[in-house]
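Now for the letters of each chain:
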Amino acid sequence: MQMPGNVLRKTAIAGAAALLAWAPAVPAYNFYQQGGFLGYTFSKWGPPALGTGATVYWSIMPAGTPGAAYCAPGCTNGSGVSGLTLPNFYDWNTHAFRSVNLTDPEVLGYIRNALRTWSATTGVTFVYLPVDSGVPINDPAAEPPPAGATGQIRIGVFDMGDSGSAAAGYAPPPNGFIPNSSQLATGAGDLILNGNAVYAYQNPAGAEGSPLNSYPQGGGLFLNDFEGLILHELGHTLGLDHTATPDAVMCGYTWVNGSFNDCTYYLPQTYVINRQLSSDDATGIQILYGAPVDTDGDSVPDAIDNCSSVSNPAQVDANGDGYGNNCDADLNNSGQVTAADYAILRSVLNQSAASSSTAAAADLNASGTVTAADYAILRSRINTAPGPSGFHP
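These figures come from a predicted structure and were not determined experimentally. (Residues numbered from 1 in each chain as written. Predicted model: local features only at pLDDT ≥ 70, side-chain atom pairs only at ≥ 80, totals over all residues. Heavy atoms only, no water.)

Caption draft 1: Focus on unusual backbone geometry. Here the amide bond leading from Ala-72 into Pro-73 is cis, since omega sits at 0 degrees, within 30 degrees of zero. Within the fold, Pro-73 resides in the loop between β4 (54-60) and β5 (85-91). Residue Pro-146 is reached from Pro-145 by a cis peptide bond, and omega for that bond is 5 degrees. Its location among the elements puts Pro-146 in the loop between β7 (124-129) and β8 (153-158). Phi is positive for Leu-38, which is not a glycine, with a value near 55 degrees. With a phi angle near 70 degrees, Ser-299 is a residue other than glycine that sits in the positive phi range. Structurally, the position occupied by Ser-299 is in the loop between α3 (279-289) and α4 (339-347). (Helix = DSSP H or I, 4+ residues; strand = E, 2+ residues; numbered from the N terminus.)

Caption draft 2: Geometry of the layout of surface pockets. Here the largest pocket defines a volume of roughly 350 Å³. In terms of lining residues, the largest pocket is bounded by 20 residues, among which Thr-125, Phe-126, Ala-303, Gly-390 and Pro-393 are the most central. Looking at the lining of the largest pocket, the elements that each hand over two or more residues are α1 (105-119) and β7. Per-element accounting of the lining of the largest pocket gives the leading share, 5 residues, to β7. The residue makeup of the lining of the largest pocket, split by class, is 10 nonpolar, 7 polar and 3 charged. (1 Å grid on protein atoms, 1.4 Å probe; cavity = no way out; pocket = protein on both sides within 12 Å on 5 of 7 lines; lining within 4 Å. Points joined across faces, edges and corners; volume = space filled by probe spheres on them. Nonpolar A, V, L, I, M, F, W, Y, C, P; charged D, E, K, R; others polar.)

Caption draft 3: Geometry of the packing of α1 against helix α2 (residues 226-238). For the pair α1 and α2, interaxial distance at closest approach is 9 Å and the crossing angle is 45 degrees. Here α1 lies oblique to α2, going by the angle between them. Between α1 and α2 lies a crossing whose hand is right-handed. Of the residues in α2, those in contact with Val-107, Tyr-110, Ile-111, Asn-113, Ala-114, Leu-115, Thr-117 and Trp-118 of α1 are Phe-226, Glu-227, Ile-230, Leu-231, Leu-234, Gly-235 and Leu-238. Among the residues forming the contact of α1 with α2, the class breakdown is 11 nonpolar, 3 polar and 1 charged. (Axes fitted to C-alpha atoms, helices over the stretch in contact; angles between N-to-C directions. Parallel < 35°, antiparallel > 145°, perpendicular 65-115°, else oblique. Left-handed = near helix turned anticlockwise from the far one by under 90°. Contact = heavy atoms within 4.5 Å.)

Caption draft 4: Geometry of the side chain of Asp-298. Topologically, Asp-298 is positioned in the loop between α3 and α4. Buried and unpaired, Asp-298 has no salt bridge, with Arg-381 as the nearest side chain of opposite charge at 13 Å. At 3.0 Å, the side chain of Asp-298 forms a polar contact with the backbone nitrogen of Val-300. (Buried < 20%, exposed > 50% of the residue type's maximum accessible area, 1.4 Å probe, protein only. Lys, Arg positive; Asp, Glu negative; His and termini not counted. Salt bridge = Lys/Arg side-chain N within 4 Å of Asp/Glu carboxyl O. Polar contact = N/O pair within 3.5 Å; in protein donor to acceptor, adjacent residues only side chain to side chain.)

Caption draft 5: Spatial organisation of the packing of α4 against helix α6 (residues 372-380). At a minimum axis separation of 10 Å, α4 and α6 run at an interaxial angle of 175 degrees. Classified by the interaxial angle, the pair formed by α4 and α6 is roughly antiparallel. From α4, Asp-341, Tyr-342 and Leu-345 reach across to α6, where they touch Asp-374, Tyr-375 and Leu-378. For the contact of α4 with α6, the class distribution of residues is 4 nonpolar, no polar and 2 charged.

Caption draft 6: Representation of the sheet that holds strand β9 (residues 167-169) within the structure. Taken in spatial order, the 5 strands line up as β7-β4-β8-β10-β9 in an open sheet, and their pairing is mixed. If you trace the sheet from one side to the other, it starts and ends with β7 and β9, each paired once. Adjacent strand axes in the sheet meet at a mean angle of 20 degrees when their direction is disregarded. (Pairing = 2+ DSSP bridges.)

Caption draft 7: Layout of the sheet that holds β5. Ordered by their spatial adjacency, 4 strands build an open sheet running β6-β5-β11-β12, and the pairing between neighbours is mixed. Either end of the sheet is taken by a strand with one partner, and the two such strands are β6 (96-101) and β12 (223-225). Between one strand axis and the next, the sheet turns by 45 degrees as a mean value, whatever way the strands run. Alignment of β5 against strand β11 (residues 200-202), held across 2 bridges, turns out to be parallel. Its bridge partner being in β11, Tyr-90 is matched across the sheet by Gln-202. Relative to β12, α2 is tilted by about 60 degrees, and along the sheet it contacts β5, β11 and β12.

Take a look at the structure:
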C-alpha cells in the first residue's frame, strides 16, 4: 500500500476465510500456497496445474455494490458499499486535484495498461465485461458468464478508512473456499481502491524508472502512482504474494534479516515509475500460467498484438487506432467494413502507401502499394468489425 504522509507500499489482503500460508520471504517471487488443497499447489485462475493458462473476466463494480465479511473491514467500513469515484487525483499540468471515475476512458486506460502488462508476459487472457450486475462481493451469483454477470476480478472503490491501504488485491481461487460446499469464494481475485478523502493518486507520463514526485506542489497528500498501484494489486489477484526483490513490481512488506525490506520504487529518494515487470515478476507469473498467448504465431503476444488473428510481426498501424492494417479494412472508421470502405480503397488503388495517409491505411498487407491483394483482404472482412486487437480488449 501507499499511505498519506509516509512511504509505505501497497499490501495484499488474503480475505477473512482465506487458507493462505505466509512465511518470511526470500529475495525471489512468492506465491499464495495451497499445499495440494483441492488440487492447487498455489492459488491461481484456470486449471490448478502450474503453467496452465486462463481466461479471466474483469469488471468495474457499480456504485452501491455491497461489501461482505470476505473483505472486511476494507469493504465494510463506512457505508459498506462501493462508489466509483476517487476524490483526489492530482494533475501535474494544472497543479490541482480533481475527482475521477473508474469508468472514465482515461482511468479505464490506466487499468487496461496494467492488465495488458501482465497478459503480455504470461498465459492469461483478460476479457472486459462492460456491465457488472452489482451483486455483493462474495455473493454466489458473483460469477462470470454464462453463470453470472460479473467479472472474476471485480474492481471497485470503498472507503477503507484513513489508516487502511491505498488498495487491496485478493488472491485467486481457492482463496476463501467455503467449507462443506463446492463453492469457491467469489470475492477471490477482487481489487478494491481506497476512496477515503485522505488518499491521493497521480498518473504522470514518463519513462520507466523516471522519478516521481511524492507530494503535490506545495505539499499535502502523498501521491500514489495509480497505474503502478493497479499493476501491483493485479499481481496479487493473479496469485503472486510480495517479494523482497527491491526492483520488482511485487516488492512489498517482506521480512528480511530482521527488518522490512526496502523497495526501490517507494523510498523518498528513489520513488520512480514502476510499470514494467522485472524478471522476478515475470518468472513467478509464468510458473503459474505459462508463456503468453500468441494466437497467430508472429512472436507478438496477443495482449500487445494489434492484429492477433493474422501474423503481422511488423505491427503496421497506419492510422494509429490500435488496429493493425491487416485487421483494419474499416477505412472510414465507421466500426464496420462496408462498401464505402471499398470505394475508398479503389480511389487509391495502385498508389504507393507513402503517397497519402489514405493509401497508407488502405495498404492492408503492408506491401508498400495498394493492390488487388488489399482488395481481397477487404472483401474477406466485409460486414465485420476491425480487429481483434490486444489494444481493444
